[in-house]
Amino acid sequence: MEHAGRLVTQRELLDEVWPGTFIEPQAVKKQLADSLPADDPLRKAYNETPLGRLTRLFLVVSGFLALSAPLVAQEGVLRGGISASDGRPVRGATVAVVGSHLIAFSDPSGKFIVLHVPVGPHQLRVTAIGFRPTTTDVTVDTVPAAPVRVALEYRPNVLGDIVVQAPSRIPERVVEAPAAVSVTDMAAIPAVATTGQLPMALAAHPGIDLAETDVHDFNVNARGFNSSLTRRVLVLQDGRDLSIPFLGSQEWSGLSLPLDDISRIEMVRGPGSALYGANAFSGVLSVITPAAREVVGTKLSAGGGDPSVLRGDARHAGLLAGGRIGYKFNVGYTRNPLWAISRTQPGDLSREYAEAIDTVRYPVVHPFPGFELRPLRGQQLSAGLGSAPSGTADDEQAVYGGARIDYYAPNGSVLTAEAGAAHATNNLLVASVGRVQVDAVNRPWARLAWGANRFYMMAWWTNRHTGVPMQSLASGTPVIDQSHVFHLEAQTNQPLFGGRGRIVFGGSVRSASTNSKETLLAAADDQRNDRSASAYSQVEYALSPQWRVVAAGRFDDGDLFPAQLSPKAALVFSPSTSQSIRLTFNRAYKTANVLEYFIQFPAGAPADFRGIEAALRASPLGPSLSNVPDGTLFTNSASVPVVVRGNPNLDVEHVTSYEIGWKGQFGPRVFLTLDGYYSRLSNFVTDILPAVNPTYGAWAAPAEVAADSRAAVEQAVQDILVGAGQAVAAAGLSRLQDGGTAIVFSIGNAGRVSEHGFEATSGLQLTDALSLDLNYSLFRFRVDAASLASGQLLKPNTSPNAFNVGLAYTTPRLDARAMLHVVEGFDWASGVYVGRIPSRTPIDVSVGWQARSWLNVHAAATNLLDQRRYQVFGGSVIGRRALLGITMVR
């Protein structure tokens, strides 16, 4: 047939809407077909297909959804492509119709489409980090015109161009943000996606303690006092808290999306409770995923490599109802062998760590009783307790998926409904009470959100269910977790003082239910439903074009903690659009988790005290025990329980921080940031220790012991235990509420610390293709020894000096990166694990090759030189991973 002066096929004409793709927005095709004369064969052929009839049905449905929207007499379509001056496509460029709410984002091949544009002349403004903003005049008609081609002029990243949202919960230029914040270079995400490890996206950030204990067990912290299963950094995905309800820590394997579907990662360092509440103690990690209209098309990814890694992802997104409705869904699978090995024989931990550290200079001590009672899943003990395991440990696996529907209202607001789930097996966690293997866990979730220019409302629900009980490797005890959280939040922002200021205010309510089936909690404390509520606000005012003041505060109250007020104040001086100096004051808090309040759990194998009893009976104190039945001096001397008990009287931890920061750009190719801080921390929730909970006092001899000999017997027991090198058992020997003897470990509040440090970042654009990034973090601390509890060993678990050097070479088709991490060794103390962390200098590399506009090949190697180190005492020795992947986007 003939169209636009030439002969074309039906397929060729329809493909003009989105050239080179297999999945096109059907509403746009229909608009193109309907623009033809009524007797045009192409129009008839399209409208007679089931697809055409189905599209009209969706358009009818969308009409009902948009009844409240203003009617538009005539609309058209803007489509086109964004490229750099050298011709390479620009991904993630923002394409906005000036003077309207209409916006689109370019896909990996640089293409974009804006629907429902009023007919007539417009200006199209295109912005992208690393390029000079460009404004283009366009004219929209009812008949789709030729694609708009916009070539962006290259400009090295300028601080004034970068916009962040996490520091103030609304968009602002990073140079004006009243906090230390860094943004992940999203060009590096394909390499991170190949590993399947989201925390690796933070490896180049300054001031971040990134400690890997196994494939998907990371402790992510900022500015000191890291720990096993840390929860000092709040992690949010589109505003949804990703933590485990029981623990408050992260379960990274529970993510239900491929990592290269993330559109933005922001890391705020320093206290954040003034806007985010509990557990934003040391920072906030915000992960943003794209709306459906930003990723229209189909994406397939596959990868694998050494050691025996396999992964695959699929995503599809499209538009319906004339572009008013967007949808996307994804599925994925990963399989990874664990770095962990079983430690079922005495001395296993020392032998495992011998390849990572000088065990003569730094002796490795395994927690009491010196070995784990259970091997990893897939293995069996060859000859009972204390023997070597046989068989091969099972791989860690995860299956995940999600679906999202967006409704794009004519007034610019977006209504989103999404849900997802992840099913993971054999994950290994290092907790303060020992290693735990999660045999199987399900993590379903759902989120409903409504966002507009000055208003946002969100409700989300998340669940964690261990279909097969988790296993404590230390005690061999099964653990069940059935918990869920429901959260409702609303926020608005308004201009103040004629545009010289603005206010953000909002609030939230949360209900968290936990149920361990009495495997972790006593019956009286199990099946809990704890509630909390908050209100927060931040006010900003521009004293002048250069000076801005910020004040914020949040009030939180809940069933598990007393009411908390978290203030924040900042003064920001911006002498230019690319420089600023800030002074910030912050106060934040961290609550205890449900387990710290109420845990009732065996910490290890029972102790045999029959020898101690026999020694006492043979001593001069023997006659005083004559009325004590043999074998009952310690209730059951042959099996004295070793237990962990919670402390329901715990108070919250607090940090008060003072910061000074500077951000500056020097010419088009150099930028620097410097952030210094001084903080005071108090009221630490201790790790599990003996004799820190007044509920469990020193062991008392049974009533049958003669009164005048009781003190002597009690002291003799202490002397025997200490003399045998069991001082910890001596300190923990106590009696439970039922009167029975036990070695009790519990939790308390103690400790005052001052800390200070600074973080420096430098970015150098050496050439148009070659860039160098460097950052350095210094950390120092001082513990007030008099404030510690007896036996408390308070360590920051943070390197005093850490340095990263990164080099990136980027051309239209090639992206190659290398990063050297230099981490100085330090002492570690968290729960039952106390020891030395060795220095490490791993090198990570990645290469991405754009083989076709729709095909990308990428390779990544973490710890390229296979420098085998453990990063958390009690964690696994981490080696090299070398992976290869491909991604197809159509």
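Rules behind the numbers
- Residues numbered from 1 in each chain as written.
- Predicted model: local features only at pLDDT ≥ 70, side-chain atom pairs only at ≥ 80, totals over all residues.
- Heavy atoms only, no water.
- Helix = DSSP H or I, 4+ residues; strand = E, 2+ residues; numbered from the N terminus.
- Polar contact = N/O pair within 3.5 Å; in protein donor to acceptor, adjacent residues only side chain to side chain.
- Contact = heavy atoms within 4.5 Å.
- Pairing = 2+ DSSP bridges.
- Axes fitted to C-alpha atoms, helices over the stretch in contact; angles between N-to-C directions.
- Parallel < 35°, antiparallel > 145°, perpendicular 65-115°, else oblique.
- Left-handed = near helix turned anticlockwise from the far one by under 90°.
- Buried < 20%, exposed > 50% of the residue type's maximum accessible area, 1.4 Å probe, protein only.
- Arc of directions from axis to C-beta.
- Patch = residues over 30% accessible without salt bridge, like charges linked within 9 Å, V, L, I, M, F, W, Y side chains within 5 Å.
- Areas by Shrake-Rupley, 256 points an atom, 1.4 Å probe, with all protein chains shown as cover.
- Salt bridge = Lys/Arg side-chain N within 4 Å of Asp/Glu carboxyl O.
- 1 Å grid on protein atoms, 1.4 Å probe; cavity = no way out; pocket = protein on both sides within 12 Å on 5 of 7 lines; lining within 4 Å.
- Points joined across faces, edges and corners; volume = space filled by probe spheres on them.
- Nonpolar A, V, L, I, M, F, W, Y, C, P; charged D, E, K, R; others polar.
- pLDDT = per-residue confidence, 0-100.
- Core = buried A, V, L, I, M, F, W, Y, C linked by side-chain atoms within 4.5 Å.
- Phe/Tyr/Trp six-rings, centres within 6.5 Å; stacked < 30°, edge-to-face > 60°.
- Lys NZ or Arg CZ within 6 Å of the ring centre and 35° of its normal.

Student: Would you mind going over the side chain of E653 with me for this structure?
Tutor: Looking at the element boundaries, E653 is found in strand β39 (residues 653-666). At a separation of 3.0 Å, a polar atom in the side chain of E653 contacts the side chain of R232. Look past the residues within four positions of E653 in its chain and what remains in contact with it is R232, F281, A588, Y589, K590, S682, N683, F684 and V685.

Student: Can you help me understand the sheet that holds strand β17 (residues 264-269) in this one?
Tutor: Strand pairing in a sheet takes place through backbone hydrogen bonds and is either antiparallel or parallel in direction. Taken in spatial order, the five strands of this open sheet run β12-β17-β18-β15-β16, and their pairing is mixed. Of all the strands in the sheet, the pair left with one neighbour each is β12 (180-183) and β16 (240-241). The pairing of strand β15 (residues 233-237) with β16 spans two bridges and is classified as antiparallel. The residue bridging Q237 from the neighbouring strand is R240, located in β16.

Student: What's the story with the packing of helix α9 (residues 610-617) against helix α10 (residues 710-723) in this structure? I'm lost.
Tutor: Between two packed helices, the angle of one axis relative to the other and the distance separating the axes together describe the packing. At a minimum axis separation of 11 Å, α9 and α10 run at an interaxial angle of 125°. When the axis of α9 is compared with that of α10, the two are oblique. Judged by the twist between their axes, the crossing of α9 over α10 is right-handed. On α10, the residues touching I612, A615 and L616 of α9 are V713, A716, V717, I720 and L721.

Student: Looking at this structure, I do not really get α9. What am I missing?
Tutor: Residues spaced three or four apart along an α-helix point in a common direction, a consequence of the helix completing one turn every 3.6 residues. Looking only at α9, the buried set comprises I612, E613 and L616. Down the axis of α9, the sector holding all buried residues measures 100°, keeping them to one side.

Student: I keep staring at a nonpolar patch on the surface and nothing clicks. Help me out?
Tutor: A contiguous nonpolar patch, built from L415, L448, W450, M457, W461, F486, L488 and V509 and spanning about 700 Å² of accessible area, is present on the exposed surface. Mapped onto the nonpolar patch, the elements with two or more residues apiece are β27 (445-451), β28 (455-468) and β31 (482-496). Take F486: it is sitting in strand β31. We classify F486 as partly exposed; its relative accessible area is 41%.

Student: Help me understand empty space enclosed by the protein, please; the structure alone is not making it clear to me.
Tutor: Vacant regions in the atomic arrangement are exposed by a probe of water-molecule size rolled over the atoms. Taken as a whole and assessed by the stated rule, the structure comprises 13 cavities of 30 Å³ or more. Computed from the structure, the largest cavity encloses a volume of approximately 640 Å³. Taken together, 44 residues make up the lining of the largest cavity; nearest its centre are I208, L210, V823, R840 and Q871. Breaking the lining of the largest cavity down by element, the ones donating at least two residues are β13 (208-214), β43 (752-765), β44 (770-783), β45 (801-810), β46 (814-823) and β47 (826-830). Of the residues forming the lining of the largest cavity, the biggest block, five residues, is contributed by β13. Of the residues contributing to the lining of the largest cavity, the split by class is 20 nonpolar, 16 polar and eight charged.

Student: In this structure, what is going on with the confidence of the model for the chain? I would like to understand it.
Tutor: For any part of a model where pLDDT is low, the fine detail of the predicted coordinates should not be relied upon. Residues at a pLDDT of 70 or more form 91% of the chain, whose mean pLDDT is 87. Across residues 1-29, where pLDDT falls below 50, the model places 60 contacts with residues more than four positions away in sequence or in other chains. pLDDT under 50 marks residues 48-73. Its contacts with residues more than four places away, or in other chains, come to 22 contacts.

Student: What's the story with the nonpolar core in this structure? I'm lost.
Tutor: Soluble globular proteins tend to pack their nonpolar side chains together in the buried interior. Judged by nonpolar contacts, the single largest core of 54 residues is most densely connected at F609, L616, F634, L733 and I743. Sorting the residues of this core by element identifies β25 (414-431), β26 (434-442), α8 (594-598), α9, β38 (642-645), α10, α11 (727-732) and β42 (741-745) as the ones contributing at least two each. With near-sequence residues (within four places) excluded, L733 lies in contact with F609, F634, G697, A698, W699, V717, L721, T741, A742 and I743. If you look at the next biggest cluster of nonpolar residues, it comprises 25 residues, including F218, L255, I265 and V287.

Student: Explain the sheet that holds strand β5 (residues 103-105) here, please?
Tutor: One open sheet holds the four strands; their spatial order is β5-β4-β7-β8, and the pairing between them is antiparallel. A single partner strand is all that each edge strand has here, and the edge strands are β5 and β8 (134-140). Between one strand and the next, the sheet's axes are offset by a mean angle of 25°, whatever the strand orientation. The pairing of strand β4 (residues 94-97) with strand β7 (residues 120-127) spans four bridges and is classified as antiparallel. Residue pairing in the sheet places V95 in a bridge with V126 of β7.

Student: I tried to follow the pattern of salt bridges on my own but got confused; where do I start?
Tutor: Two side chains of opposite charge can pair, provided their charged atoms sit close to one another. Within this structure, the stated rule accounts for 43 salt bridges. The salt bridge involving D313 is made with R311; its shortest N-O contact spans 2.3 Å. Here D313 and R311 have matching classes, each one buried. The closest approach of N and O atoms between R548 and E540, which form a salt bridge, is 2.7 Å. Residues R548 and E540 agree in their burial class; the two are buried.

Student: Can you help me understand the packing of aromatic side chains in this one?
Tutor: For any pair of aromatic rings, geometry is given as the distance between the ring centres together with the angle between the planes. Tallying each qualifying case throughout the model produces 17 aromatic pairs. Measuring from centroid to centroid gives 5.3 Å for W450 and F455, while their planes differ by 70°, and the two rings are edge-to-face. Ring plane angle 80° and centroid distance 5.9 Å describe the contact between Y870 and F873, whose orientation is recorded as edge-to-face. By relative accessible area, F873 is classed as buried at 1%. An aromatic cluster of at least three residues, connected via ring pairs, comprises F225, F684, F779 and F781. The side chain of R169 reaches across the aromatic face of Y276, ending 4.8 Å from its centre. The ring of W445 has R240 lying over it, and the distance from NZ or CZ to the ring centre is 3.9 Å.

Student: I'm lost on unusual backbone geometry in this one. Help?
Tutor: Peptide bonds are mostly trans, and most non-glycine residues show a negative phi. Omega for the bond connecting D306 with P307 falls within 30 degrees of zero, at 5°, which places this linkage in the cis form. Its identity is not glycine, yet D238 carries a phi of approximately 55°, on the positive side. For D238, the location among the structural elements is in the loop between β15 and β16. Relative accessible area serves as the criterion here: at 9%, D238 is assigned to the buried category.

Student: Mind showing me how you'd approach the pairing of strand β40 (residues 670-682) here?
Tutor: Sheet faces and side chains relate simply in a regular strand, where the side chains alternate between the two faces. Two elements, β39 and β40, share 13 bridges in a ladder whose sense is antiparallel. Paired with W662 across the two strands is L674, which belongs to β40. The antiparallel pairing of β39 with β40 creates a hairpin that spans three residues between the two strands, and G667 there sits at a positive phi of about 65°. In this structure, β40 lies alongside β43, joined through 13 bridges in antiparallel fashion. For Y678, the partnering residue across the bridge sits in β43 and is H756.

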